[in-house]
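# A closer look at the structure
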Amino acid sequence: MLASLQGKEVTIHFIDGTNACDGVLDQIDDKFVKYLTQYQTLFIPITSIRTVSVDIKERQRYRVGFAP
């Protein structure tokens, strides 16, 4: 399943509630995933990944403010 996401920009959500975003899945093994960001290369064990999400459409941000 992860092999189909190789080379795409994804967000990885971990079991402990943290996430890694704005990176690309570079290599996928049966035990580890190589994840490249602009600043670092992460080697992530498959067992620590909860979900992997792909953004297919950019969200529109709501305008916040007050008009006089």
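For the structure itself, look to the data block above.
Predicted, not measured: the structure shown is a model, and the values here were computed from it. (Residues numbered from 1 in each chain as written. Predicted model: local features only at pLDDT ≥ 70, side-chain atom pairs only at ≥ 80, totals over all residues. Heavy atoms only, no water.)

The subject of this paragraph is the pairing of strand 2 (residues 19-28). Where strand 1 (residues 9-14) and strand 2 come together, 4 bridges link them in antiparallel fashion. Residue pairing for strand 2: I12 is matched across the bridge by A20. Remark: 4 residues form the turn of the hairpin made by strand 1 and strand 2, two consecutive strands paired antiparallel; G17 in that turn has positive phi of roughly 100 degrees. Bridge analysis of strand 2 against strand 3 (residues 32-36) gives 4 bridges, and the strand direction is antiparallel. When the sheet's bridge partners are listed, L25 is paired in strand 3 with Y35. Linking strand 2 back to strand 3 in an antiparallel pair, the connection comprises 3 residues. (Pairing = 2+ DSSP bridges. Helix = DSSP H or I, 4+ residues; strand = E, 2+ residues; numbered from the N terminus.)

Pairing is antiparallel in the open sheet, where 5 strands are placed in the order 4-3-2-1-5. Strands with a single pairing partner mark the edges of an open sheet, and in this sheet they are strand 4 (41-45) and strand 5 (49-53). For this sheet the average axis-to-axis angle between neighbouring strands, irrespective of direction, equals 45 degrees. By the bridge criterion, 4 bridges tie strand 1 to strand 5 in an arrangement that is antiparallel. Bridge pairing links I12 to V52 in strand 5. (Axes fitted to C-alpha atoms, helices over the stretch in contact; angles between N-to-C directions.)

This brings us to the environment of V10. One can find V10 in strand 1. For V10, a relative accessible area of 2% translates into the label buried. On a C-alpha basis, the gap between V10 and Q27 in space is 13 Å, while along the polypeptide they are 17 residues apart. The contacts of V10, once residues within four sequence positions are left out, are A20, C21, D22, G23, L25, Y35, V52, S53 and V54. (Buried < 20%, exposed > 50% of the residue type's maximum accessible area, 1.4 Å probe, protein only. Contact = heavy atoms within 4.5 Å.)

A few words on the pattern of salt bridges. Tallying each qualifying case throughout the model produces 1 salt bridge. Among the salt bridges present, the one from D26 reaches K34, with a minimum N-O distance of 3.5 Å. Residue classification places D26 among the partly exposed positions, given a relative accessible area of 27%. (Salt bridge = Lys/Arg side-chain N within 4 Å of Asp/Glu carboxyl O.)

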